[in-house]
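In case you want the letters, here they are:
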Amino acid sequence: MDKKLLTIVVPCYNEQESLPLFYQAIKEMENEGKLSSVNLEFVFVDDGSRDNTLEVFRHLSQQDDRIHYVSFSRNFGKEAGIYAGLEKSTGDYVVIMDADLQDPPAMLPEMLSYIGTGEYDCVATRRVDRKGEPPIRSWFARKFYRLMNKISNADIVDGARDYQMMTRKVVEAILAMKEYNRFSKGIFGWVGFRRKWLEFENVERVAGETKWSFWKLFIYAIDGIVAFSTAPLIMASIFGLLMCIVAFVFIIIIIVRTLIFGDPTSGWPSMVCIMLLVSGIQLLCMGILGEYLAKTYLETKKRPIYLVQEEK
Ligand code: UDP
Ligand code: MG
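What you see is a predicted model, and the numbers here were worked out from it, not measured in a lab.

Caption draft 1: Representation of the nonpolar core in the model. With 36 residues, the main nonpolar core has Ile8, Leu19 and Phe44 as its most contacted residues. Looking at this core element by element, the count peaks at six residues for helix 1 (residues 18-31). Non-local contacts of Ile8, meaning those with residues more than four positions away in its chain, are made with Phe22, Ile26, Leu40, Glu41, Phe42, Val43, Val95 and Met97. Membership of the second largest hydrophobic core comes to 35 residues, among which are Val70, Leu86, Ile187 and Val191.

Okay, here's the thing in structure tokens:
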């Protein structure tokens with residue numbers, strides 16, 4: 001039987017130090033015969049790096065003609081990088097890996113063995129712990145996954161990484177989702193197919209530093225919710241309904257009170273509080289609406305997901 005081709009897709013943003021180490025790690029595994037069941041192909045994506053990542057690509061691809069690369073005209077984000085990588089991939093199987101070795105290559109043989117049985121279309125991984133991460137960040141992350149699963153029908157797993165191996169069928173399904181606001185975790189969950197989960201313990205990155213600040217993660221979470229759930233929109237209606245009920249009860253109380261005690265002019269402070277509360281809720285709901293509108297606006301422009309400056 002012919003050997004299957006495995007494409008390794010690596011989105012890179014300022015990874016000049018990590019990438020050679022990554023390539024080295026894969027080479028070592030090959031030399032040890034751990035990847036002998038497949039032929040390899042690499043697709044490196046340079047997501048508008050400001051360091052010499054592209055130089056590293058060129059250099060490596062001269063040594064190894066299984067290396068292909070795409071370089072973006074600017075930073076488009078990891079999601080765009082993944083999309084470009086998948087588009088360029090030709091393998092029967094495709095695996096997405098970070099350049100910083102936080103996605104342990106040692107898991108590749110196990111992934112291959114599962115996918116090779118034909119029982120699964122996709123072998124995904126999740127971190128079972130969040131060692132080395134600020135506790136507050138972990139707390140927010142957990143809450144986010146809980147909420148997300150309640151309000152959307154994309155099956156999003158806590159600790160799920162983008163590190164996953166999939167068959168061509170799944171790759172095609174993901175590529176068919178051409179949305180501009182790409183929330184990969186949601187997209188992977190949304191397409192479905194038969195998935196096997198593997199677990200591993202968090203590994204710290206080998207070199208360079210993470211591109212995620214707390215604020216960036218927060219925005220990312222909001223994007224995820226907006227992309228895969230319309231539940232927040234319903235919140236506005238629920239708030240409105242609650243307010244109406246409360247107002248109705250108040251009106252009755254006031255009418256009854258006026259009938260019994262006459263009409264002394266008081267209650268100005270409570271009035272101000274109520275006005276503030278109501279206008280606050282109105283603004284919040286408008287904000288939520290605006291968020292969806294903004295995303296819709298960007299989608300309707302049908303801008304390309306990424307622009308290529310150089311590729312091989
Ligand atoms: N990355 C990217 N574009 C970006 C940010 C990150 O392609 O705008 C890549 C990065 O080079 C790395 C992977 O995405 O290979 C994960 O990034 P990082 O290690 O910073 O995230 P973390 O592991 O901390 O979640
Ligand atoms: Mg990382």
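There's more to say after this.
Caption draft 2: Quick peek at the site of ligand 1. Around ligand 1 sit 17 residues in total, of which Glu15, Asp47, Asp100, Gln102 and Arg205 are the nearest. In the model, an oxygen atom of ligand 1 is placed 2.7 Å from a nitrogen or oxygen of the Asp100 side chain. For the shell around ligand 1, the per-class residue count stands at five nonpolar, four polar and eight charged.

Caption draft 3: Quick look at the sheet that holds strand 4 (residues 93-96). In spatial order, the strands read 7-5-6-4-1-2-3-8; together these eight strands make up an open sheet with mixed pairing. This sheet does not close on itself; its edge strands, each paired only once, are strand 7 (195-200) and strand 8 (308-311). For this sheet, the mean angle separating the axes of adjacent strands, direction not counted, is 20°. Of the strand pairs in this sheet, strand 5 (residues 122-127) and strand 7 are connected by six bridges, and their pairing is parallel.

Quick notes on the rules
- Residues numbered from 1 in each chain as written.
- Chains lettered and ligands numbered in written order.
- Predicted model: local features only at pLDDT ≥ 70, side-chain atom pairs only at ≥ 80, totals over all residues.
- Heavy atoms only, no water.
- Core = buried A, V, L, I, M, F, W, Y, C linked by side-chain atoms within 4.5 Å.
- Buried < 20%, exposed > 50% of the residue type's maximum accessible area, 1.4 Å probe, protein only.
- Helix = DSSP H or I, 4+ residues; strand = E, 2+ residues; numbered from the N terminus.
- Contact = heavy atoms within 4.5 Å.
- Near = heavy atom within 4 Å.
- Polar contact = N/O pair within 3.5 Å; in protein donor to acceptor, adjacent residues only side chain to side chain.
- Nonpolar A, V, L, I, M, F, W, Y, C, P; charged D, E, K, R; others polar.
- Pairing = 2+ DSSP bridges.
- Axes fitted to C-alpha atoms, helices over the stretch in contact; angles between N-to-C directions.

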